[in-house]
Amino acid sequence: MLLELRQLKIQPGQQLLVEDVNWQQFESILAELGERRASRLSYSNGRLEIMVPLPEHEKAKEIIGDMVKILLEARQIAFESLGWTTLKNERRS
């Protein structure tokens, strides 16, 4: 029996750990979920973690990000705000 990602329901504040996931499967999962997703994925050494942050975590992230931007601007340090990003390196996984 094969499960599809759309069948999984992860509530905010919860996580799902999946073992024995290869790099190609990870890439496929990222493609299936797309760029506009509420979940956060972490992959290392065949272990995939899918988690959905709580709204209060997102609020704290925004406040901290705003504070860092203010400090960088005050020190006239160039920066680019990218929000959250997926960094991938197959050799380091």
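Further up the page is the structure itself.
Scope of this entry: the structure provided in the associated data block. The numbering scheme is per chain: residues are counted from 1 as the chain's sequence reads. Side-chain atom pairs in this predicted model are given and counted only at pLDDT of 80 or more, local residue features only at pLDDT of at least 70, and totals for whole chains, interfaces and linings cover all residues. Heavy atoms throughout the structure, all of them, feed into the side-chain values; hydrogens and water do not.

## Here we look at the overall build of the chain
So, step 1. To qualify as a helix, a DSSP run of H or I must reach at least 4 residues; to qualify as a strand, a run of E must reach at least 2; elements of each kind are numbered from the N terminus. Check the secondary structure of the chain and you find two helices and three strands.
So, step 2. Listing the helices and strands of the chain from first to last along the sequence gives β-α-β-β-α.
So, step 3. Taking 12 Å as the expected radius of gyration for a compact globule of 93 residues, we find that the chain reaches 16 Å, considerably beyond that expectation.
So, step 4. Seen through its C-alpha atoms, the chain measures out along the principal axes to roughly 55 × 30 × 20 Å.
So, step 5. In this scheme, a residue with accessible area under 20% of its type's maximum is buried, one over 50% is exposed, and one in between is partly exposed, where area comes from a 1.4 Å probe on protein chains only. The burial tally for the chain puts 15% of its 93 residues in the buried class.
So, step 6. A fraction of 59% describes how many contacts in the chain between residues 6 or more apart in sequence connect residues 24 or more apart.
So, step 7. Carbon and sulfur atoms make up 53% of the accessible area of the chain, which amounts to about 7,800 Å² in all. The atom set for the radius of gyration is the C-alpha atoms, and the globule formula is 2.2 Å times the number of residues raised to the power 0.38. Note on contacts: a residue pair is in contact if any heavy atoms of the two residues lie within 4.5 Å. Under the convention used here, a 1.4 Å probe and the Shrake-Rupley method define accessible areas, while residue burial counts only the protein chains that appear.

## Side note on the sheet that holds strand S1 (residues 15-18)
So, step 1. Taking strand neighbours across the sheet as the criterion, the three strands line up as S1-S3-S2 in an open arrangement whose pairing is antiparallel. Across the chains shown, the open sheet's two edge strands, defined by having one partner strand only, are S1 and strand S2 (40-44). Looking at each pair of strands side by side, their axes are set apart by 15 degrees on average, direction ignored.
So, step 2. In this sheet, strand S3 (residues 47-51) lies alongside S2 in antiparallel orientation, the contact comprising five bridges. From the neighbouring strand, tyrosine 43 faces S3, where its bridge partner is leucine 48.
So, step 3. Orientation is described by axes fitted as lines to C-alpha atoms, over the contacting stretch for helices, and by angles from 0 to 180 degrees between their N-to-C directions. Those strands touched by helix H1 (residues 23-33) are S2 and S3, and its axis lies near 170 degrees from that of S2. Any two strands with at least two DSSP-identified bridges between them are counted as paired.

## Brief notes about the nonpolar core
So, step 1. In terms of nonpolar packing, the biggest core is built from nine residues, these being Val21, Trp23, Phe26, Ile29, Leu30, Leu41, Tyr43, Leu48 and Ile50.
So, step 2. Every element with two or more residues in this core is listed here: H1, S2 and S3.
So, step 3. The element contributing the most residues to this core is H1, with four residues. The definition of a nonpolar core used throughout is a set of buried Ala, Val, Leu, Ile, Met, Phe, Trp, Tyr and Cys residues joined through side-chain atoms within 4.5 Å.

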